[in-house]
Amino acid sequence: MRLDTLFLENFRNYTAQQITFDPVCSVICGENAQGKTNLLEAMVCLSCGKSHRTRSERELIRFGEEGYRLEASIHTRDRDFLSRIEAGYRRKKRITINKAPARTSADLSQVLNTVFFCPEDLQLIRDGPAARRRFLDASLCQLRPRYGTALAEYQRLHEHKTRILRDCAERPDLVATLPDFNLRMAETGAVLIHYRARFARLLSAYASSAHSECSGGREQLTVAYQTVKTVTDPFGEHPLLVEQLLEHQQAHQHAEMASRQCLSGPHKDDLDVQLNGRCARSYASQGQTRTAALSLKLAAREIHREIMGEYPILLLDDVLSELDPRRQEYVLNRLGNGQVFITCCEEDRLHSLLEGTVFRVDGGAVTAG
Ligand code: ATP
Ligand code: MG
């Protein structure tokens, strides 16, 4: 998969800009607040119809303008595509692919996929389990439609059960509905565990090799899937998983009633990320944290290629800072196949870029070379 050209009109701080990118590596360089992240944001929008930073279309429109347009020519599955978004201009948002109107914004992901790394992704290592679950869910939803369906169902059941637990002191009749919820949550929960266990196994293998290479063989990263305690083998058969989830629910029945919270189920899953045998969250340095978070994203990209047959484009926002020269060299030159976009502020470190093009961004204007 390759993004060949991008056209932006009245998008964020861009007025009208056409860019032809490098098929291998495009380094987007510029001072603070010139439009580097905005450029990557446009690519994210073209891959899924929405921004990673905001839900508001208004925010994306250049100050004082009526609407924005984005257009990208993309090469994938041996064909050329033209994806286009037009929003604002006092009309409904319009998305077309090769001039044909798209049914939903999800159609954009049939043409362009991105793996995006930004400074907030350091939360993957530093924060609590929720950040890592979001990463698992987002990656799996892109790759496995059945997972997306199961996740939506599980979340619906979880919310409903939480409401029942909250209200059942006032309405004891609701308690009778709990066994049915428990069974359905165990059944859908087992589907989530099935997919997460397999994803985590691949993630560990790929992330560990990326981290090892990036650190010059000095550091070993491991990622282990942690789910409900009574599950003896997350790769086990579906009926066994369901049985073990029900067992855990039963053991926590009283605690759930007392705390009025849903305590049992894969909504508490986590990935245990360790560096050289120690918990990364507690002990990793800044550079190690960045390398580990990046390795998880690189692993997600490899898994995407393994399942979908093609690399998604890789967007690295401000990844080079805090990395020593060896790690920077790895990011610039040794990410293997697949097209890469890297933003950075300083140019002096780019002398080690072997193959690729440097673009300069200045006040929403991009020039190559
Ligand atoms: P940094 O190195 O600090 O991350 P950057 O080059 O990534 O900088 P961007 O996040 O791309 O900077 O933002 C560039 C500028 O775009 C900012 O000054 C921001 O205020 C401006 N901007 C954001 N939204 C709009 C908009 N709707 N219209 C006009 N300008 C905008
Ligand atoms: Mg930025």
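First, a word on what this report is: a plain description of the structure on this page. Being a predicted model, the structure only gives us computed values, none of them experimental.

## Concerning the sheet that holds strand β10 (residues 270-275)
Taken together, 3 strands build an open sheet; the order of strands is β9-β10-β11 and the sheet is antiparallel. The sheet is open, and its two borders are formed by β9 (221-226) and β11 (278-279), each paired with just one other strand. One ladder, built from 6 bridges, connects β9 with β10; its direction is antiparallel. Pairing of Y225 across the sheet is with L271, part of β10.

## Some words on the packing of helix α4 (residues 129-143) against helix α6 (residues 178-214)
Viewed as axis vectors pointing N to C, α4 and α6 meet at an angle of 100°, and their least axial separation amounts to 11 Å. Overall, the two elements α4 and α6 adopt an arrangement that is roughly perpendicular. Of the residues in α6, those touching α4 at R133, F135, L136, D137, S139, L140 and L143 are Y195, R196, F199 and L203. The class makeup of the residues in the contact of α4 with α6 is 7 nonpolar, 1 polar and 3 charged.

## Considerations on the side chain of N38
Relative to the assigned elements, N38 resides in helix α1 (residues 36-48). Of the residues examined, N38 reaches a relative accessible area of 13% and is grouped as buried. Within the structure, N38 has its side chain in polar contact with the side chain of N13 (distance 2.9 Å). Once you skip the residues sitting within four places of it in the chain, N38 turns out to touch F11, R12, N13, Y14 and R53.

## Examining the site of ligand 1
Among the 16 residues in the neighbourhood of ligand 1, the closest are listed as N32, A33, K36, T37 and I61. Between ligand 1 and the protein, one listed contact pairs an oxygen atom with a side-chain N or O atom of T37 at 2.8 Å. Contacts to ligand 1 include R53, whose side-chain N or O atom sits 3.4 Å from an oxygen atom. When the free accessible area of ligand 1 is taken as 660 Å², the share hidden by the protein chains comes to 73%. Top element by residues in the shell around ligand 1 is α1. It accounts for 3 residues. A class-by-class count of the residues in the shell around ligand 1 yields 4 nonpolar, 6 polar and 6 charged.

## Details of the packing of aromatic side chains
The full count for this structure, using the stated rule, is 4 aromatic pairs. Ring centres 5.6 Å apart and planes at 65° place the aromatic pair F21 and F359 in the edge-to-face group. With F21 in the loop between β2 (16-20) and β3 (25-29) and F359 in strand β14 (residues 357-362), the pair connects residues that are 338 residues apart, well separated along the chain. F21 gets classed as buried once you look at its relative accessible area, which sits at 7%. Judged by its relative accessible area of 3%, F359 is buried. Here Y147 and Y195 contribute two aromatic rings whose centre-to-centre distance is 6.0 Å and whose plane-to-plane angle is 85°, an arrangement assigned as edge-to-face. With Y147 in helix α5 (residues 145-167) and Y195 in helix α6, this residue pair connects regions lying 48 residues apart in the sequence. Here Y147 matches Y195 in class, with each residue buried. Members of the aromatic cluster, each reached through a chain of ring pairs, are F21, F341 and F359. Lying over the aromatic face of F181, R184 brings its terminal NZ or CZ to 5.6 Å of the ring centre.

## Quick word on the sheet that holds strand β8 (residues 114-117)
Within the open sheet, the 6 strands sit side by side as β8-β12-β13-β3-β14-β15. Their pairing is mixed. Both outer strands of the open sheet, β8 and β15 (365-368), are each paired with one neighbouring strand and no more. In this sheet, neighbouring strand axes are inclined to one another by 20° on average, regardless of whether the strands run parallel or antiparallel. Sheet topology note: the strand β12 (residues 313-317)/strand β13 (residues 340-344) ladder contains 4 bridges and is parallel. In the strand pairing of β13, L316 is matched with I342.

## As for the packing of α4 against helix α10 (residues 286-308)
Where α4 contacts α10, the axes come no closer than 11 Å and their chain directions differ by 20°. What the angle tells us is that α4 and α10 run roughly parallel. Here α4 and α10 pass one another in a crossing that is right-handed. On the side of α4, the interface is formed by F135, S139, Q142 and L143, while α10 contributes L296, K297, A300, I303, H304, I307 and M308.

## Observations concerning the environment of A190
Here A190 shows up in helix α6. Placed 45 residues apart in sequence, A190 and F235 show a C-alpha to C-alpha distance of 10.0 Å.

## Description of the nonpolar core
Membership of the largest hydrophobic core comes to 74 residues, with the highest contact counts inside it found for L203, L316, V331 and I342. A per-element tally of this core places α6 first, with 16 residues. Those residues in contact with I342 that lie beyond four places of it in its chain are C25, S26, V27, I28, L316, V319, L320, V331 and L332. Core analysis: the next-biggest nonpolar cluster, separate from the first, contains 39 residues, F11, A87, V111 and F359 among them.

Rules used in this analysis
Residues numbered from 1 in each chain as written. Chains lettered and ligands numbered in written order. Predicted model: local features only at pLDDT ≥ 70, side-chain atom pairs only at ≥ 80, totals over all residues. Heavy atoms only, no water. Pairing = 2+ DSSP bridges. Helix = DSSP H or I, 4+ residues; strand = E, 2+ residues; numbered from the N terminus. Axes fitted to C-alpha atoms, helices over the stretch in contact; angles between N-to-C directions. Parallel < 35°, antiparallel > 145°, perpendicular 65-115°, else oblique. Contact = heavy atoms within 4.5 Å. Nonpolar A, V, L, I, M, F, W, Y, C, P; charged D, E, K, R; others polar. Buried < 20%, exposed > 50% of the residue type's maximum accessible area, 1.4 Å probe, protein only. Polar contact = N/O pair within 3.5 Å; in protein donor to acceptor, adjacent residues only side chain to side chain. Near = heavy atom within 4 Å. Areas by Shrake-Rupley, 256 points an atom, 1.4 Å probe, with all protein chains shown as cover. Phe/Tyr/Trp six-rings, centres within 6.5 Å; stacked < 30°, edge-to-face > 60°. Lys NZ or Arg CZ within 6 Å of the ring centre and 35° of its normal. Left-handed = near helix turned anticlockwise from the far one by under 90°. Core = buried A, V, L, I, M, F, W, Y, C linked by side-chain atoms within 4.5 Å.

The values reported here are purely geometric and, on their own, carry no functional implication.
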